Amino acid sequence: MLCGLSSRVLAKDAEAKGRFSSPVLDVSDLQLVLEKDQTLQLNCRGRWELKWDIPSDVPKGYSGTHVEISRCGKQAVHYCSRLTISPVLGQHTGSYRCRYVHKQHKFSSVYVYITDSQRPFVKVQTEIPDVVYIKEGQNLVFPCRVTNPHTKVSLIKFPSLKLETDQRNIVWNSRQGFIIRSPTYFYIGLFHCETVINGTTYTNKFLTHRPVNKIQDVYLNNTGSVQALRGEMLALNCTVTAEWNSRVSISWTYPRQANSTALISRRITRSRTNMVFYSVITIPKLRKDDRGIYTCHVASGPAKRQANTSVIVYDQPFIRLKHRESPVVQAYAGQKSFRLSPKLRAFPEPEIIWLKDGRVAAEQCSRYHTDGYTLVIRDVAEEDAGVYTILTGIQKFGLYRNLTFTLVVHVKPWIGEKAVAVQDPGTVPRSSRQALRCTSYGIPAPHMRWLWQPCPPKAKALVSGIYRCVSSNSVGRDELDIRFYVTDIPGGFSVSLDNEPRERADVHLSCVANKHLYSNVSWYRVTNISAVPMGGELTQEEFSLTLRLMLRNLTARNSGLYRCFATHLFTGEHAYMETLVKEEHTILLPTVPHLHCTSHEPRTISQSATVIEQGKRQ
């Protein structure tokens, strides 16, 4: 039987597709199914010289294999090759590929099944199973390929455990066999593929092997140095973790190895995922010359690892305890944490207790806890200052040592008057005597000074300004600004008339406000339905702003309530004062906003005061 299309049909299809970047086979499907003893014929066409790759089970000298090469296409610009195998046998099942001679990655292929009812598997199995390898990170394949794509095949683990395919971890592929994704140690052993044709059972047998020389981990039971007393017993355990089927050898190198009384024991345990090897070296009675480096050497094939530790042998127990620098240590209030840490070397491990002012520190405050030999104080506060003592002892040997620290907690200065400072600054009558007080607390005792900032512009030394109290120590500083406004107006805000109102006479209304406390001074005439702005002439003097309003040719129509508004610079509130103008007399009606303050008694440690008299600072 011939399988394929004629060369003319092939050429027509290829020309329709254009240039041959890869060779083109004369088949319309990716697989063909033939019966034993039929003829397989495949035609291939391309732009360059062609070559056939056929299954390895087709012998090179097989007499039924023929290849015909020719030039084809218009003007014979293409290469054509025809492969013929007759008769075909079941073992000829496999992939047939046509490729370019000089471009092996350019090819076309087809998989051909040669059905043979007496040979369901491509390979005829002998009694000796084939070895398949389990490799890390790769799929495990049992290569029981079949000659018929519809053959039903089972995978069985010795002796009779049938494994069902799930198309996820166990996948059947008639061209490859059974594929095991992410194989575990379960797949180590004897397996076979099995099918039954016309009542006859056929098998392919496989023995899996996992070549392992991987040492996963090596460690000693002591990661740091090992300390012991002369005459005591020393035991070091070297633990090796390796994969299943690993062969591991363990050896030791150590001081006094040639004349040592050391004993070495070994054992092996197994888990579902690995094997664990143990090697324990024991020296019943340590001598001084047993000190030094002990090394565990591990080998598994070409893989090698090692781990070591240092052994220190002391003649007798001891405690060495002293200050790192000074017995007086310093911390800062508000510090997140502070560590009281002595220099301590001891063997065997001593018991320790920290005292504060003669009492157990941990029982006094929840912010105190120990970290090894160190006392840790969290969120340092002023009350943490005091005398701390570390008590160390090795009760077994009656050995005790104590050490005392003095902790000084530094506190940043703070000014007590800030807690009761009035936000709305007042005014000070000109030429009056005033005392400014500033009280500060801190550790160490703060240094205090006064600063003076006059109000701009071009202010004289005798005018309004800001007195600043500065308190500082080695930890930090605190400041208090006291606004000091000299005024020549009682209360800093007033209205007045320059003359008595008379009919047909001119009347002058004056609104005066301290210029460092008020702004936006304006006159309004108040009626029952509105307030009418009146304007006026604004002048600026040394301490105040004056807005003068002139009422000319006074008549009854000018009578009424006149209100002077001003905006307080610090509170933003609107203050006003009123005057009632009549033809014969005027009544002043004052209205001002109220200022609120709270008082608090600060802790007085350091004080500084300055006295201002007759506009001079003393």
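Residues numbered from 1 in each chain as written. Predicted model: local features only at pLDDT ≥ 70, side-chain atom pairs only at ≥ 80, totals over all residues. Heavy atoms only, no water.

If you look the protein up in an unreviewed UniProt entry, it shows as Platelet-derived growth factor receptor-like protein from Astyanax mexicanus. Its UniProt record, at the heading Subunit (unreviewed entry), says of the protein: "Forms a complex composed of PDGFRL, TNK2 and GRB2." (UniProt positions renumbered as here; feature names shortened; annotations may be inferred.)

A. Broad picture of the overall build of the protein. Counting its secondary structure elements, the protein contains 2 helices and 50 strands. Counting only residues that meet the buried cut, the protein has 41% of its 618 residues in that class. Taking all contacts inside the protein whose residues are at least 6 apart in sequence as the whole, residues at least 24 apart take part in 66%. Total accessible area computed for the protein in this model is approximately 35000 Å², and 50% of it derives from carbon and sulfur atoms. (Helix = DSSP H or I, 4+ residues; strand = E, 2+ residues; numbered from the N terminus. Buried < 20%, exposed > 50% of the residue type's maximum accessible area, 1.4 Å probe, protein only. Contact = heavy atoms within 4.5 Å. Areas by Shrake-Rupley, 256 points an atom, 1.4 Å probe, with all protein chains shown as cover.)

B. Summary view of the packing of aromatic side chains. Across all of its chains, the model carries 17 aromatic pairs by this definition. Between the aromatic rings of Tyr254 and Tyr294, the centroid separation amounts to 5.9 Å while the plane-to-plane angle is 10°, which identifies the pairing as stacked. Note that Tyr254 is positioned in the loop between strand E20 (249–253) and strand E21 (263–270) and Tyr294 in strand E23 (residues 292–300), a separation of 40 residues in sequence. Of the two residues, Tyr254 and Tyr294, both sit in the buried class. Relative to Tyr441, the ring of Trp414 lies with its centre 6.1 Å away and its plane at 65°, an arrangement referred to as edge-to-face. Residue Trp414 is located in strand E34 (residues 399–415), and its partner Tyr441 is located in strand E36 (residues 433–443); the two are separated by 27 residues in the primary sequence. Owing to a relative accessible area of 6%, Tyr441 belongs among the buried residues under this scheme. (Phe/Tyr/Trp six-rings, centres within 6.5 Å; stacked < 30°, edge-to-face > 60°.)

C. Main features of the state of the cysteines. The full count for this structure, using the stated rule, is 6 disulfides. Residue pairing for Cys238: its cysteine sulfur links by disulfide to Cys296, the two sulfurs lying 2.0 Å apart. Between Cys238 and Cys296, the S-S torsion sits near -75°, and that sign places the bridge as left-handed. Remark: Cys296 occurs in strand E23 and Cys238 occurs in strand E19 (residues 234–242); sequence separation between them is 58 residues. For Cys296, a relative accessible area of 0% translates into the label buried. Note that Cys438 is cross-linked by a disulfide to Cys469, the S-S spacing being 2.0 Å. Residues Cys438 and Cys469 are joined through a disulfide that is left-handed, its torsion about the S-S bond being -80°. Of this pair, Cys438 sits in strand E36 while Cys469 sits in strand E38 (residues 465–472), and the two are 31 residues apart along the sequence. Taken individually, Cys438 and Cys469 each receive the classification buried, so the pair is uniform in this respect. (Disulfide = S-S within 2.5 Å.)

D. The pairing of strand E8 (residues 107–115), seen in detail. Burial of E8 is extensive: 7 of the 9 residues sit out of reach of the surface. Sheet topology places strand E7 (residues 94–100) next to E8; 6 bridges connect them, and they run antiparallel. Looking across to E8, one finds that Ser95 is bridged to Tyr111. Two successive antiparallel strands, E7 and E8, enclose a turn made up of 6 residues. (Pairing = 2+ DSSP bridges.)

E. Just the nonpolar core, in detail. One finds Leu234, Leu236, Cys238, Val240, Ile250, Trp252 and Val298 to be the most contacted residues of the largest nonpolar core, which totals 26 residues. Looking at this core, the elements with two or more residues in it are strand E17 (215–220), strand E18 (226–229), E19, E20, strand E22 (275–283), E23 and strand E24 (303–314). Considering each element in turn, this core owes the most residues, 5 residues, to E19. With residues near it in sequence (within four places) discarded, Leu234 still touches Val226, Ile281, Thr282, Ile283, Leu286, Tyr294 and Val311. (Core = buried A, V, L, I, M, F, W, Y, C linked by side-chain atoms within 4.5 Å.)

F. Region of interest: a nonpolar patch on the surface. Where nonpolar side chains cluster on the molecular surface, the patch consists of Val131, Tyr133, Phe158, Leu190 and Leu207 and spans about 480 Å² of accessible area. The class for Tyr133 is partly exposed, based on a relative accessible area of 46%. (Patch = residues over 30% accessible without salt bridge, like charges linked within 9 Å, V, L, I, M, F, W, Y side chains within 5 Å. Salt bridge = Lys/Arg side-chain N within 4 Å of Asp/Glu carboxyl O.)

G. Representation of the pattern of salt bridges. Taken as a whole and judged by the stated rule, the model has 21 salt bridges. Across the pair Lys205 and Glu127 runs a salt bridge whose closest N-O atoms are separated by 3.5 Å. Of this pair, Lys205 sits in strand E16 (residues 200–209) while Glu127 sits in the loop between E8 and strand E9 (130–133), placing them 78 residues apart in sequence. Assessed through its relative accessible area of 28%, Lys205 is described here as partly exposed. Salt bridges sharing common partners tie together Arg256, Arg287, Asp289 and Asp290.

H. Representation of the sheet that holds strand E3 (residues 40–46) within the structure. Taken together, the 4 strands give an open sheet; going across it, the order is E1-E3-E6-E5, and neighbouring strands pair in antiparallel fashion. Each edge of the open sheet is held by one strand with a lone partner, namely strand E1 (24–25) and strand E5 (65–72). Here E5 pairs with strand E6 (residues 78–85) via 8 bridges, running antiparallel. Its bridge partner being in E6, Ile69 is matched across the sheet by Ser81.

I. Representation of the pairing of E3 within the structure. Among the 7 residues that make up E3, 7 are buried, leaving the element largely enclosed by the rest of the structure. On E3, burial covers both faces: Leu40, Leu42, Cys44 and Gly46 on one face and Gln41, Asn43 and Arg45 on the other are all buried. Here E3 pairs with E6 via 7 bridges, running antiparallel. Each residue of the ladder has a partner; that of Leu42, found in E6, is Leu83.

J. Up close: the environment of Trp244. Within the fold, Trp244 resides in the loop between E19 and E20. Given the relative accessible area of 25%, Trp244 is considered partly exposed. Linking Trp244 and Thr273, residues 29 residues apart in sequence, is a C-alpha distance of 7.1 Å. Setting aside residues no more than four positions away along its own chain, Trp244 makes contact with Tyr185, Arg210, Val212, Arg270, Ser271, Arg272, Thr273, Asn274 and Met275. From its side chain, Trp244 meets the backbone oxygen of Ser271 in a polar contact 2.8 Å long. (Polar contact = N/O pair within 3.5 Å; in protein donor to acceptor, adjacent residues only side chain to side chain.)

K. Region of the structure containing unusual backbone geometry. That bond from Phe347 to Pro348 is cis: its omega, -5°, falls within 30 degrees of zero. Checked against the element boundaries, Pro348 lands in the loop between strand E28 (343–347) and strand E29 (351–356). Cis rather than trans, the peptide bond between Ile443 and Pro444 has omega equal to -5°. With respect to the helices and strands, Pro444 occurs in the loop between E36 and strand E37 (447–454). With a phi close to 50°, Asp379 is a non-glycine residue in the positive phi region. Residue placement: Asp379 occurs in the loop between strand E32 (374–378) and strand E33 (386–394).

L. Just the sheet that holds E32, in detail. Pairing in this open sheet of 3 strands is antiparallel, and the strands run E27-E32-E31 from one edge to the other. Edge positions in the sheet fall to strand E27 (337–340) and strand E31 (368–371), since each has one partner strand and no second. Shown here is a sheet whose adjacent strand axes are inclined to one another by a mean of 30°, direction ignored. Across 4 bridges, the pairing between E27 and E32 is antiparallel. Bridging across to E32, Leu340 finds its partner in Leu375. (Axes fitted to C-alpha atoms, helices over the stretch in contact; angles between N-to-C directions.)

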